[in-house]
Amino acid sequence: MTVTSEAKTAWKGALTDGSGEVTFVSSNLGTFDVNWKARSEGSASVTTPEELIAAAHSSCFSMALSHALGENGTPPESIDTTASVTFKPGTGITGSHLNVNAVVPGLSAEDFERIASAAKTGCPVSQALAGIEITLEATLA
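Residues numbered from 1 in each chain as written. Predicted model: local features only at pLDDT ≥ 70, side-chain atom pairs only at ≥ 80, totals over all residues. Heavy atoms only, no water.

Draft legend 1. Spotlight on the sheet that holds strand E4 (residues 78-88). The mixed open sheet is built from three strands, whose spatial order is E4-E5-E6. The open sheet has two edge strands, E4 and strand E6 (133-140), and neither has a second partner. Direction aside, the axes of adjacent strands within the sheet are offset by 15° on average. Looking at chain direction, E4 and strand E5 (residues 92-103) are connected through eleven bridges and run antiparallel. (Pairing = 2+ DSSP bridges. Helix = DSSP H or I, 4+ residues; strand = E, 2+ residues; numbered from the N terminus. Axes fitted to C-alpha atoms, helices over the stretch in contact; angles between N-to-C directions.)

Have a look at this one:
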């Protein structure tokens, strides 16, 4: 089965003084504001394309890691992943750093790191982001 997810953006104005709204169509989760100032300078109240990519990357990686740990016979009790996606105006998206902390009974730190590294490579969002550097910091709690 193939699943297609949709989001749409309505933008008004020029890049630097315009703004837009991103709507999650598939999940009906609502609308989020976007603008260049937030993207180039940061914001605590307006999202950015990079924050949306970070959400996709952290959730996809967590799913890939959970699957890999289950396949290893060591299913996780919990996985907490933060993805930090970096944007440099004039250059573009330059990287994504995954920071994962997991509780996995019966698994050594070495095996966890090996499995997490493989999950990073196998994660479909990591594969879609193959044009940027993806780094991983994996901690077994």
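That was the structure; now back to the text.
Draft legend 2. Broad picture of the pairing of E5. The hairpin turn running from E4 into E5, its antiparallel successor, is three residues long, and Gly90 in that turn takes a positive phi close to 90°. As paired elements, E5 and E6 share eight bridges and run parallel to each other. When the bridges of E6 are listed, Asn99 appears paired with Glu137.

Draft legend 3. Quick look at the packing of aromatic side chains. Per the counting criterion, the structure on display carries two aromatic pairs. Between Phe24 and Phe32, the aromatic rings sit 5.3 Å apart at their centres with planes inclined by 70°, giving edge-to-face as the arrangement. Assessed through its relative accessible area of 25%, Phe24 is described here as partly exposed. Residue Phe32 is classed as partly exposed on the basis of its relative accessible area, which comes to 36%. Ring geometry for Trp36 against Phe87: centres 5.9 Å apart, planes inclined by 85°, an arrangement best described as edge-to-face. Of this pair, Trp36 sits in helix H1 (residues 36-41) while Phe87 sits in strand E4, and the two are 51 residues apart along the sequence. The aromatic ring of Phe87 is capped on one face by Arg39, whose charged end is 4.2 Å from the ring centroid. (Phe/Tyr/Trp six-rings, centres within 6.5 Å; stacked < 30°, edge-to-face > 60°. Buried < 20%, exposed > 50% of the residue type's maximum accessible area, 1.4 Å probe, protein only. Lys NZ or Arg CZ within 6 Å of the ring centre and 35° of its normal.)

Draft legend 4. A look at the packing of helix H2 (residues 49-71) against helix H3 (residues 109-122). Look at H2 against H3: their axes get within 9 Å of each other, and the N-to-C directions meet at 130°. Here H2 lies oblique to H3, going by the angle between them. As for the relative orientation of H2 and H3, their crossing is right-handed in sense. Touching Phe61, Ala64, Leu65, Ala68 and Leu69 of H2 are Phe112, Ile115, Ala116, Ala119 and Lys120, all from H3. Partitioned by chemical class, the residues of the contact of H2 with H3 number nine nonpolar, no polar and one charged. (Parallel < 35°, antiparallel > 145°, perpendicular 65-115°, else oblique. Left-handed = near helix turned anticlockwise from the far one by under 90°. Contact = heavy atoms within 4.5 Å. Nonpolar A, V, L, I, M, F, W, Y, C, P; charged D, E, K, R; others polar.)

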